[in-house]
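# Notes for the structure review
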Amino acid sequence: MRALRIIPLLLTIVLVYLLDTYHAGLPAFGKLLDPVNGCMANAEKNNKDFNADIKQAALHGKVTVWLDERMVPHIHATDDHDLYYVEGYIHACNRLWQMDMETRAAAGRVSEVVGSKALKFDRGQRRKGMVYGAAHSLQALEADPRSKAMMDAYTAGINDYIGSLKGYKDYPFEYKLIGFAPEQWTNIKSCLLLKYMADDLTGYTEDIPLTYLRSLLPADEFNLLFPEKIEESTPVIPKGTVFDKPSLSAPLVPNDSLWGSITNADVEEKRNEGKGSNNWAVSGSRTQSGAPILCNDPHLGLNLPSLWYEVQLQTPDMNVYGVSLPGAPGIVIGFNDSLAWGFTNNYRDVKDFYEIKEVQNDKNKYWFNGKQIAYEMKYEHIGVKGQDDYIDTVDYTIHGPVIYDARFPGPGGIKKPLAVTWMAHKATNELLAIYLLNRAKDYPEFVDAIMNFQCPAQNMVYADRAGNIAMWGQGQFVNKWKEQGRFVMNGADSSTLWGDLIPMRENPHVLNPEQGYLSSANQSVTDSTYPYWYNGYFYELRAWRINDRLSKLPHANIDDMEALQQDTYSILAANTLPIMLAAVNMQENVTAKKYIDSLKNWDYYLRPESIAATVYQVWWENYYADKWKDKFKNVPDDLWPLPERTMQLMMATNLVRENNPNATEQDLLISNSFKQTIDSIAKIAAGKMEWYKQKNTTIQHLAKLPALSFGNLKIGGWGNTVNAAKSNHGPSWRMVVQMGKEIEAYGVYPGGQSGNPGSKYYADFLDSWVEGKYYRLQFLPNTVTQNSSAIKYTLSLHP
Amino acid sequence: MKALLSFILIILLSAFAEYFGPWWMIAVVAFLITLIVRTRRSFLVGFLAIFIFWFSVALMRDIPNGHILSTRMAGVLPLHGNYILFLIVTGIIGGLVGGVAAWSGTMFRRLFSNK
């Protein structure tokens, strides 16, 4: 039986094979755990010396990168090419895997690397027309020599970094964990990243659910519960601002059959209360120093590696500091040596749906204006790891791609074909806006720059060292007839098509208003005097609080501004709790009395350790559910009337109490919901009552691995407070800049500059962010040599 | 004594081979050494050699890193975030491959010899 002696060798081969390949979501353990080339090669020395001298033939001249103690690079280059080349190189050096994954997600290419579990997601992305939109934007980007040159240099920098990786050993950690390799960067990937942001910020729409709700409710009730604009809004452009005379007249509502019909429960996306942001600017007339102060905290998904990467960029004609998006050149939010700017999302609706009327017996055609039109069919090849490619057909109509149909029903099971017309599909060139914005010297140049920023629409706040403050509700919008696109429209009739584009200079804006401050927090953009009709998904509560605070700060300083960004005061609680407390009478119940007493002494701040905050939040949830659950029995709760609307209705009912059956009914509802609250609270484990433990704010790694994430952070607030730290999204970057003679800037984001989980710089800002602390941003002068004590390492790149 | 020789050769040569090649060079080296050098208890020799090699390299990278990555890996794997366990598991995985490869070298050698 000597031949059996071959068995150990076969066993070895099998074992090596098993440990060298990825099976069923498990890593290749041999490859990964090998300490020489595997994951431990990514364990960065805590005292690593980042001083380096790098030769890159593509450079025109010498580039110096100063790294400060927080690893923020300050890049000094002699021309634009070298600057963006090095920005790309450094983005890749720190965040390559993240850039790769985000663009894969945008393009619907995640299945290629993680297998069939991402197939549905990928199909959805293809059907949304993400690549279709990015390809249009690429054309616009490459048509302008400035944005093309910027983009080409940036891409070359990324690819030269990828080229410097000598193999598996040098790959970023997550490539080893998941088991794939970096691929070449191309310009369209940056376009995809921007479309990914546009989808995140404008992809949400209520057209489909509102269509359904309108069929469910009588018209007057529908308008009461879902008003087009909420009363008492404090709009982004302050009330009373005089708007220019519009160059386009309002289109008349056509007489045709305009609407599609949806009667099925077919909810598309969740109401994501407070995927919002705050920004404001205070004029020098209302600050202690006499210089304007600008603040911004965009609320986005809280992930690691962080969405943002801090950087300073210098060329002979530009000196700018702020946060960049790894995967795109330039700085998105920040300040230069003349002016500062910040963004919040502008929720005007730029995504509309059309019900497509299919031609019976011919699945290749649809009806439009009484004619049969052939779909333009696109075959989407989706690579799936470990399986054959999946091929999906997406039908393109005159309106845009058919996003849902029988082959890919919407989440509510809707099978009617619905096509989508979306500003994010258009050939827009936001990178040119960024390019110009980073270089703008004064207000007119700022305005010229943002005229290129079309989608996603943003409320852009502005402050400069000359003392001006301004706000623009900026984006490309359509001159719509009243209610156009508020509901799903009839796709078989040309009168529902989008009409003229509104000239962007007629977008709502204001410069140096009398009130001396400006703010936006995703609320309605204007009062009713704005001449163009629009709808959107606006949230009001944070704006009320910010405007209230700013109006009471005649001598604001940086500390006040930081405190306002940390503010957790709940307007909802302040307005509803007194009414709710008056309606309950449970003094005989010891537990109930304890909670009632704590609520009576509560100051409405959702502080991290507050127990009253938890009680109130649970109570409000219960009341809200009880209030609407019968009326909206078959409607998912994210489509119920907004909490602020519910609050207004409660307050209105409470105004007239005598002989008001509604008030009696409301009191009963409140008191019943309180009993439920006592029951739900009894189920919460001892020691878990503090508000931060209940909401569990978590910064999650993009691969959703708990070991690489940070949970249970001790931070207060909620989506409806200024400090909008929810469970998985919140202030992704906090910035306060005083534009005085000397620019004084502070900032923090929940993460770290390195994307490597094996680096001490992976999440080193997190504690400061949780505690509400800021870092002084090192805005270095635009000089060839530096003598700042903040500089820790110097990286020298040359041809 | 030959066992000691094999042990030392496996460590040195697999370190050399891994510097240029993929991780499974440890298997090739352990197999070839025990094929050439008659080694008793070859599984144990191969196991210990690679265990010590992998464990030491992992430790040498872990200490200057302050256990940041090893602790996170010990959370990604079901090791309760215990970095020492992670380093031991690293050694064991390498050790198993080294051991089986060394054993197969000895057996393969015997395929052609009378002993």
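The structure this text deals with has already been given above.
Before going into details, it helps to say that this report is about the structure given with it.

This part is about the packing of aromatic side chains. Residues and elements named next belong to chain A. Evaluated as defined, the whole model comprises 44 aromatic pairs over all chains. Here the aromatic rings of Trp628 and Phe632 are separated by 5.9 Å at their centres, their planes lie at 65°, and the arrangement is edge-to-face. A relative accessible area of 2% means that Trp628 is categorised as buried. With relative accessibility at 0%, the residue Phe632 sits in the buried group. Grouping aromatic residues by their ring pairs yields a cluster made of Phe222, Phe226, Phe487, Trp628 and Phe632. The side chain of Lys385 reaches across the aromatic face of Tyr22, ending 5.2 Å from its centre. Directly above the aromatic system of Tyr435 lies the positively charged group of Arg439, at a separation of 3.7 Å from the ring centroid.

Residues and elements named next belong to chain A. The sheet built from 3 strands is open, its strands ordered 6-23-24 with mixed pairing. Of all the strands in the sheet, the pair left with one neighbour each is strand 6 (303-304) and strand 24 (710-713). In the sheet, strand 6 pairs with strand 23 (residues 697-701) via 2 bridges, with the strands oriented parallel. Its bridge partner lying in strand 23, Leu304 is registered against His701.

Residue and element names in this part refer to chain A. Burial analysis of strand 4 (residues 277-282) places 6 of its 6 residues in the buried class, the great majority of the element. Side chains Ser277, Asn279 and Ala281 project from strand 4 onto one buried face, and the interleaved Asn278, Trp280 and Val282 project onto a second face that is buried too. Of the strand pairs in this sheet, strand 4 and strand 5 (residues 293-301) are connected by 6 bridges, and their pairing is antiparallel. What sits directly across from Ser277, in strand 5, is Pro298.

What follows concerns the nonpolar core. With 213 residues, the main nonpolar core has Phe335, Phe446 and Met561 of chain A together with Met73 and Phe86 of chain B as its most contacted residues. Take this core: its biggest share by element is 14 residues, from helix 3 (residues 80-107) of chain A. Those residues in contact with Phe446 of chain A that sit more than four places away from it in its chain are Trp341, Leu437, Ala440, Met460, Tyr462 and Trp472 of chain A. Within the second largest apolar cluster, 51 residues are counted, among which are Leu217, Ala612, Phe674 and Ile678 of chain A.

With that out of the way, let us pick up the pattern of salt bridges. Residue and element names in this part refer to chain A. On inspection of all chains with the given rule, the structure shows 33 salt bridges over all chains. The partner of Glu183 in a salt bridge is Arg104, and the shortest N-O contact between them spans 3.5 Å. You can see Glu183 sitting in the loop between helix 8 (173-178) and helix 9 (187-202) and its partner Arg104 sitting in helix 3, a full 79 residues away along the chain. Of the residues examined, Glu183 reaches a relative accessible area of 25% and is grouped as partly exposed. When the shortest N-O distance is used, the salt bridge between Asp603 and Arg607 registers 3.0 Å. By relative accessible area, which is 33% here, Arg607 ends up partly exposed. Sharing partners across several salt bridges, the network here consists of Asp100, Arg104, Arg109, Glu112, Glu183 and Lys189.

What counts and how
Residues numbered from 1 in each chain as written. Chains lettered and ligands numbered in written order. Predicted model: local features only at pLDDT ≥ 70, side-chain atom pairs only at ≥ 80, totals over all residues. Heavy atoms only, no water. Phe/Tyr/Trp six-rings, centres within 6.5 Å; stacked < 30°, edge-to-face > 60°. Buried < 20%, exposed > 50% of the residue type's maximum accessible area, 1.4 Å probe, protein only. Lys NZ or Arg CZ within 6 Å of the ring centre and 35° of its normal. Pairing = 2+ DSSP bridges. Helix = DSSP H or I, 4+ residues; strand = E, 2+ residues; numbered from the N terminus. Core = buried A, V, L, I, M, F, W, Y, C linked by side-chain atoms within 4.5 Å. Contact = heavy atoms within 4.5 Å. Salt bridge = Lys/Arg side-chain N within 4 Å of Asp/Glu carboxyl O.

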